[in-house]
Amino acid sequence: MNDEKLGFEDDLMLGVPAGGGRAVLQAISSHLAQRTRVPASVILDGLLEREALGSTGFGEGFALPHAFILGLITPAKVLVTLREPIEFNAPDDEPVDIFLAVIWPYGQHEGFLQYLSKLCRVFRSKKLLAALRGVRSETEALIVLSAAVCTTAPSAQSSVTASYGPLLR
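The structure presented is a predicted model; accordingly, all values stated were derived computationally and were not measured. (Residues numbered from 1 in each chain as written. Predicted model: local features only at pLDDT ≥ 70, side-chain atom pairs only at ≥ 80, totals over all residues. Heavy atoms only, no water.)

*Asks:* Help me understand helix α3 (residues 112–123) in this model?
*Replies:* Look at α3: 16 Å from first C-alpha to last across 12 residues, which is about the 16 Å you get at 1.5 Å a residue. Of the positions making up α3, those classed as buried are Phe112, Leu116, Leu119, Val122 and Phe123. End-on, the buried residues of α3 take up no more than an arc of 120°, which puts them together on one face. (Helix = DSSP H or I, 4+ residues; strand = E, 2+ residues; numbered from the N terminus. Expected span 1.5 Å × (residues − 1). Buried < 20%, exposed > 50% of the residue type's maximum accessible area, 1.4 Å probe, protein only. Arc of directions from axis to C-beta.)

See below:
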């Protein structure tokens, strides 16, 4: 992921109000349905089916719901921050306020685990999660995400990206 962009320009939902896990997954499903033209109910069913196998909560207030979706042509994702954390059965028993949902075409497993692994390497950073909790706009979120994977020298970064960079190391 050293020189790849995370590509969240159209896939951010910040400050989402949520009453619980199902409500968050419904919001995620609605967003992804608009992006993929797969019915929201199909996406929600896939995400709920995966959660039934065990929580996708990772700890530190982060969860990575994911599912293989029938009828999906290309993978899709969305990063969601909540106004208030919710219970999501994370292994550390901490509430979750940052969700990174990934849906993948059903039957096309190639590349899926590698992709999730790349995302996990980026989002396991406590500093990244803390920085995302402090953003006030999509622009700030994109800067924080860009800084998380940026490997260029600080002098080559924009001043805003450089200012967020230390938060992520």
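*Asks:* I'm lost on the environment of Gly19 in this one. Help?
*Replies:* Tracing the backbone shows Gly19 in the loop between β1 (12–16) and α1 (21–36). Measuring from C-alpha to C-alpha, the distance between Gly19 and Glu87 comes to 9.6 Å, with 68 residues separating the pair along the chain.

*Asks:* When you look at the confidence of the model for the chain in this model, what are you seeing that I'm missing?
*Replies:* As a note on interpretation, predicted positions should not be read in detail where pLDDT is low. Looking at the chain as a whole, its pLDDT mean stands at 86, while 85% of the residues score no less than 70. Low pLDDT, under 50, characterises residues 151–169; the predicted model gives this stretch 26 contacts beyond four residues in sequence or across chains. (pLDDT = per-residue confidence, 0-100. Contact = heavy atoms within 4.5 Å.)

*Asks:* I would appreciate a short explanation of the side chain of Thr81 in the present structure.
*Replies:* The topology assignment puts Thr81 in strand β5 (residues 76–86). Owing to a relative accessible area of 9%, Thr81 belongs among the buried residues under this scheme. A distance of 3.0 Å separates the side chain of Thr81 from the backbone nitrogen of Gly15, its partner in a polar contact. For Thr81, the residues in contact, after removing those within four places along its chain, are Met13, Leu14, Gly15, Val16, Asp97, Ile98 and Leu132. (Polar contact = N/O pair within 3.5 Å; in protein donor to acceptor, adjacent residues only side chain to side chain.)

*Asks:* In this structure, what is going on with the nonpolar core? I would like to understand it.
*Replies:* The tendency in soluble globular proteins is for nonpolar side chains to be buried side by side. Ranked by internal contacts, the top residues of the largest apolar core, which has 26 residues, are Ile28, Ile43, Val80, Phe99 and Ile103. For this core, the secondary structure elements donating two or more residues are β1, α1, α2 (40–53), β4 (66–69), β5 and β6 (96–105). Beyond its immediate sequence surroundings of up to four residues, Phe99 is in contact with Val24, Ile28, Ala63, Pro65, Val78, Leu79, Val80, Leu82, Ile86 and Phe88. (Core = buried A, V, L, I, M, F, W, Y, C linked by side-chain atoms within 4.5 Å.)

*Asks:* Sorry if this is basic, but what is going on with the packing of α1 against α2 here?
*Replies:* In helix packing, the relevant descriptors are the interaxial angle and the interaxial distance, both defined with respect to the helix axes. Look at α1 against α2: their axes get within 8 Å of each other, and the N-to-C directions meet at 135°. As judged from the angle between their axes, α1 and α2 are oblique. You can see that α1 and α2 cross each other, and the crossing is right-handed. Residues Arg22, Leu25, Gln26, Ile28, Ser29, Ser30, Leu32, Ala33 and Thr36 of α1 form the contact with α2, whose participating residues are Ala40, Ile43, Leu44, Leu47, Leu48 and Glu51. (Axes fitted to C-alpha atoms, helices over the stretch in contact; angles between N-to-C directions. Parallel < 35°, antiparallel > 145°, perpendicular 65-115°, else oblique. Left-handed = near helix turned anticlockwise from the far one by under 90°.)

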